[in-house]
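Here's the letter readout for the chains.
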Amino acid sequence: MKSLKTLLSGKNFVRIPLELTNTNHFEITAEINGIKGRFILDTGASSTCVGTDCASHFELNTKNSEIKASGAGATNMDTLVSHKNTLTIGNWTRAKVKLVLFDLSHVNEALIQHDCPPVHGIIGADILRKSKAIIDYGKKCVYLKNKKTTSTTKKDDNL
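Residues numbered from 1 in each chain as written. Predicted model: local features only at pLDDT ≥ 70, side-chain atom pairs only at ≥ 80, totals over all residues. Heavy atoms only, no water.

Q: How should the overall build of the protein be read in this particular structure?
A: Summing up its helical and strand segments, the protein has three helices and eleven strands in all. Counting from the amino terminus, helix and strand elements in the protein follow one another as α-β-β-β-β-β-β-β-β-α-β-α-β-β. Residues counted as buried form 43% of the 159 residues belonging to the protein. Within the protein, residue pairs in contact and separated by at least 24 positions form 60% of the contacts whose partners lie at least 6 positions apart. (Helix = DSSP H or I, 4+ residues; strand = E, 2+ residues; numbered from the N terminus. Buried < 20%, exposed > 50% of the residue type's maximum accessible area, 1.4 Å probe, protein only. Contact = heavy atoms within 4.5 Å.)

Encoded structure:
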């Protein structure tokens, strides 16, 4: 029987290592607009988010948003939005990525209390869904599917 790694690499997936934190979250390294950052992989977060204090770090152009954010004990938080960003995770890249920005200080305070370094943001379900992500909890990695290439067959669409 083929391993998951072998099976998915033949289907145009990229394997990305994850680090398990003291808080039992998976952390991932990603680049936004070519600038590295640390992110929590969060299947429960509907959108990929960046802390408002990191907007200049990632050179984000932001606009006010009517959307209110909530999560991890905080609710009704003001947000900003940034469009047309490039997100790179390992050898996986997407252009024209929309990011939601809000105050992540409550998240980072909780991480620090558990001897974890703070993060720049959260990779959410929007990216995980678009990339057809498969999380291998045992091997501490995530597989993200690259966009189709000319050699990709219709059979791959079933993944």
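Still more to cover.
Q: Mind showing me how you'd approach the packing of aromatic side chains here?
A: Counting across every chain of the model gives two aromatic pairs. Arranged with centres 5.6 Å apart and planes meeting at 40°, the rings of Phe26 and Tyr137 form a pair that is tilted. Of the two residues, Phe26 sits in strand β3 (residues 26–32) while Tyr137 sits in the loop between β10 (134–136) and β11 (141–145), which places them 111 residues apart along the sequence. Taking relative accessible area as the criterion, Phe26 reaches 8% and is therefore assigned buried. An angle of 35° between the planes, with centres 6.0 Å apart, marks the rings of Phe39 and Phe58 as tilted. Remark: Phe58 occurs in the loop between β5 (49–51) and β6 (63–71) and Phe39 occurs in strand β4 (residues 35–41); sequence separation between them is 19 residues. The same class applies to Phe39 and to Phe58, which are both buried. (Phe/Tyr/Trp six-rings, centres within 6.5 Å; stacked < 30°, edge-to-face > 60°.)

Q: Please clarify how the confidence of the model for the protein should be interpreted in this entry.
A: Predicted coordinates in regions of low pLDDT should not be interpreted in detail. Summarising the model, the protein shows a mean pLDDT of 88, and 86% of its residues fall at 70 or more. No element of the protein has a lower mean pLDDT than β6, at 69, and none a higher one than β4, at 98. Counted against residues more than four places away or in other chains, residues 150–159, with its pLDDT under 50, gives ten contacts. (pLDDT = per-residue confidence, 0-100.)

Q: Help me out: how do you make sense of the nonpolar core in this one?
A: Nonpolar side chains in soluble globular proteins generally cluster together in the buried interior. Core analysis: the largest hydrophobic core is formed by 26 residues, its most contacted members being Val50, Leu87, Ile89 and Ile123. Among all residues touching Ile89, those that are not within four sequence positions of it are Ile16, Ile28, Thr29, Ala30, Ile123 and Leu144. Core analysis: the next-biggest nonpolar cluster, separate from the first, contains twelve residues, Phe102, Leu104, Leu111 and Ile122 among them. (Core = buried A, V, L, I, M, F, W, Y, C linked by side-chain atoms within 4.5 Å.)

Q: Explanation requested: a positive patch on the surface in the structure shown.
A: Where like charges cluster on the molecular surface, the positive patch consists of Lys63, Lys84, Lys96 and Lys147. As for its placement among the helices and strands, Lys147 is situated in the segment after β11. You can call Lys147 exposed: its relative accessible area is 53%. (Patch = residues over 30% accessible without salt bridge, like charges linked within 9 Å, V, L, I, M, F, W, Y side chains within 5 Å. Areas by Shrake-Rupley, 256 points an atom, 1.4 Å probe, with all protein chains shown as cover. Salt bridge = Lys/Arg side-chain N within 4 Å of Asp/Glu carboxyl O. Lys, Arg positive; Asp, Glu negative; His and termini not counted. Charge placed at Lys NZ, Arg CZ, Asp CG, Glu CD.)

Q: Would you take a moment to explain the pairing of β11 for this structure?
A: In the case of a regular strand, side chains alternate between the two sheet surfaces. Burial analysis of β11 places five of its five residues in the buried class, which makes it a mostly covered element. Side-chain alternation along β11 places Cys141, Tyr143 and Lys145 on one buried face and Val142 and Leu144 on a second face that is also buried. Across five bridges, the pairing between strand β1 (residues 13–17) and β11 is antiparallel. Paired with Pro17 across the strands is Cys141, a residue of β11. In terms of strand pairing, β10 meets β11 through three bridges, oriented antiparallel. Looking at the pairing, Ile134 lines up with Tyr143 of β11. The hairpin formed by β10 and β11 contains four residues between the paired strands, and Lys140 there has a positive phi angle of roughly 50°. (Pairing = 2+ DSSP bridges.)

Q: Got a minute to help me understand the pattern of salt bridges in this structure?
A: Charged atoms that come close allow side chains of opposite charge to pair. Applying the stated rule across the entire model yields one salt bridge. Between Glu27 and Arg38 there is a salt bridge whose closest N-O contact spans 2.7 Å. Pair noted here: Glu27 is in strand β3 and Arg38 is in strand β4, with a separation of eleven residues, a long-range link. Using a relative accessible area of 11% as the deciding quantity, one classes Glu27 as buried.

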